[in-house]
Amino acid sequence: MMQPLAFTLAALVLLATPGPTNTLLWLSGASAGFRRSTPLLLGELGGYLSVIIPAVALLAPFLAAHPQIGLTLRIVAACWVLFLAYALWTTGGR
């Protein structure tokens, strides 16, 4: 199981990574201001936490007990990302 500091840093890196929700939050902040974007920020934070906390609480002990499954999941995830990268690379701007 991850240490609290490592988990916090990983969550902050995840939140700082540009993605659709972070881009939406940035655009909302730029156009409407911080105060009017606060509900969106709280919704995004709630969404992340509603996924991360159960995953850590439920999956981490299971994956610690079955390291081969964790390795398999990492390999499958890496293959999926490579497939998506290839698909984006070869679309040719269609």
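Reading guide: rules and limits
- Residues numbered from 1 in each chain as written.
- Predicted model: local features only at pLDDT ≥ 70, side-chain atom pairs only at ≥ 80, totals over all residues.
- Heavy atoms only, no water.
- Helix = DSSP H or I, 4+ residues; strand = E, 2+ residues; numbered from the N terminus.
- Contact = heavy atoms within 4.5 Å.
- Patch = residues over 30% accessible without salt bridge, like charges linked within 9 Å, V, L, I, M, F, W, Y side chains within 5 Å.
- Areas by Shrake-Rupley, 256 points an atom, 1.4 Å probe, with all protein chains shown as cover.
- Salt bridge = Lys/Arg side-chain N within 4 Å of Asp/Glu carboxyl O.
- Buried < 20%, exposed > 50% of the residue type's maximum accessible area, 1.4 Å probe, protein only.
- pLDDT = per-residue confidence, 0-100.
- Expected span 1.5 Å × (residues − 1).
- Bend = angle between axes of the 7 residues up to and from the residue.

(A) Region of the structure containing the environment of T21. Counting through the fold element by element, T21 comes out in helix α2 (residues 20-32). With 36 residues separating them along the chain, T21 and A57 place their C-alpha atoms 24 Å apart. Other than its neighbours up to four places away in sequence, T21 contacts E44 and Y48.

(B) Representation of a nonpolar patch on the surface within the structure. A contiguous nonpolar patch, built from L58, L59, F62, I69 and L73 and spanning about 470 Å² of accessible area, is present on the exposed surface. Those elements giving two or more residues to the nonpolar patch turn out to be α3 (34-65) and α4 (67-90). Here the nonpolar patch gets 3 residues from one element, more than from any other, and that element is α3. Residue position: F62 is located in helix α3. Classification of F62 as partly exposed rests on a relative accessible area of 39%.

(C) Looking closely at the confidence of the model for the chain. Mean pLDDT for the chain: 85, with 95% of residues reaching 70 or above. When pLDDT is averaged over each helix and strand of the chain, the minimum, 78, is found for helix α1 (residues 4-16) and the maximum, 91, for α4.

(D) Up close: α3. With 32 residues, α3 extends 44 Å from end C-alpha to end C-alpha; this agrees with the ideal 46 Å at 1.5 Å per step. Its axis deflected by about 40° at L59, α3 carries its strongest bend there, up to four residues before the proline P61. Here α3 has its buried residues at S37, E44 and I52. Next to the buried residues of α3 lie α1 and α2.

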